[in-house]
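# Descriptive structure summary
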Amino acid sequence: ALKGKEKMMGKTHPDTLNTVMNIAIVYAMKGDLENAAENFKKALDGNVAQLGKDHEDTKQSVGNLAHCLNLAGDTDKLSELKREFPWL
């Protein structure tokens, strides 16, 4: 489904990014925080490119990634994220 959306709509289309976010949530629910973080980051990068850093969808993506990184204990990546988004 994701490959089809990426091909038809592009990688940064809101529907595509929503699918990526949903995939990340499923990974997180299964306890696969590495793949969850990878997909949360992909959604975040797409939202920043498409909508900018201050858009609500981008802020949601930042929050989701931060929560995932916190659960995974990845303090280095969490610190990097906080430097990029100081309001976090």
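Predicted, not measured: the structure shown is a model, and the values here were computed from it.

For the rest of this paragraph, the subject is the nonpolar core. Grouped together as the largest cluster of nonpolar side chains are 17 residues, with contacts concentrated most on F40, L44, L65, L69 and L81. Contributing elements (two or more residues each) for this core: α2 (14-29), α3 (33-51), α4 (56-72) and α5 (75-84). Apart from the residues within four sequence positions on either side, L44 is in contact with T58, S61, V62, L65, L81 and F85.

Another aspect to go through is α2. Count 3.6 residues to each turn of an α-helix, and residues three or four apart come out pointing the same way. A rise of 1.5 Å per residue sets the reference length of α2, with its 16 residues, at 22 Å; its end C-alpha atoms lie 22 Å apart and thus fit the reference within 8%. Buried residues of α2: T16, L17, T19, V20, M21 and A24, and no others. The positive-phi residue at the C-terminal boundary of α2 is G31, with phi of around 85°.

Below, the discussion takes up the packing of aromatic side chains. All told, the structure shown has 1 aromatic pair when counted by the stated rule. Note that K53 overlies the ring of F85, its terminal NZ or CZ placed 5.3 Å from the centroid. The ring of W87 has K59 lying over it, and the distance from NZ or CZ to the ring centre is 5.8 Å.

Remark: α3 packs on α4, axes separated minimally by 9 Å, with the N-to-C direction vectors making an angle of 160°. The angle between the axes of α3 and α4 places the two elements in the roughly antiparallel class. Our pair here, α3 against α4, has a crossing hand that is left-handed. Between α3 and α4, the contacting residues are L33, A36, A37, F40, K41, A43, L44, N47, V48 and L51 on the first element and D57, T58, S61, V62, N64, L65, C68, L69, L71 and A72 on the second. The residue makeup of the contact of α3 with α4, split by class, is 14 nonpolar, 4 polar and 2 charged.

For L51, the position within the fold is in helix α3. For L51, a relative accessible area of 33% gives the class partly exposed. On a C-alpha basis, the gap between L51 and E80 in space is 21 Å, while along the polypeptide they are 29 residues apart. Aside from chain neighbours lying at most four places away, what touches L51 is D57 and T58.

What counts, and at which threshold
- Residues numbered from 1 in each chain as written.
- Predicted model: local features only at pLDDT ≥ 70, side-chain atom pairs only at ≥ 80, totals over all residues.
- Heavy atoms only, no water.
- Core = buried A, V, L, I, M, F, W, Y, C linked by side-chain atoms within 4.5 Å.
- Buried < 20%, exposed > 50% of the residue type's maximum accessible area, 1.4 Å probe, protein only.
- Helix = DSSP H or I, 4+ residues; strand = E, 2+ residues; numbered from the N terminus.
- Contact = heavy atoms within 4.5 Å.
- Expected span 1.5 Å × (residues − 1).
- Phe/Tyr/Trp six-rings, centres within 6.5 Å; stacked < 30°, edge-to-face > 60°.
- Lys NZ or Arg CZ within 6 Å of the ring centre and 35° of its normal.
- Axes fitted to C-alpha atoms, helices over the stretch in contact; angles between N-to-C directions.
- Parallel < 35°, antiparallel > 145°, perpendicular 65-115°, else oblique.
- Left-handed = near helix turned anticlockwise from the far one by under 90°.
- Nonpolar A, V, L, I, M, F, W, Y, C, P; charged D, E, K, R; others polar.

These values are about where atoms sit, not about what they do.
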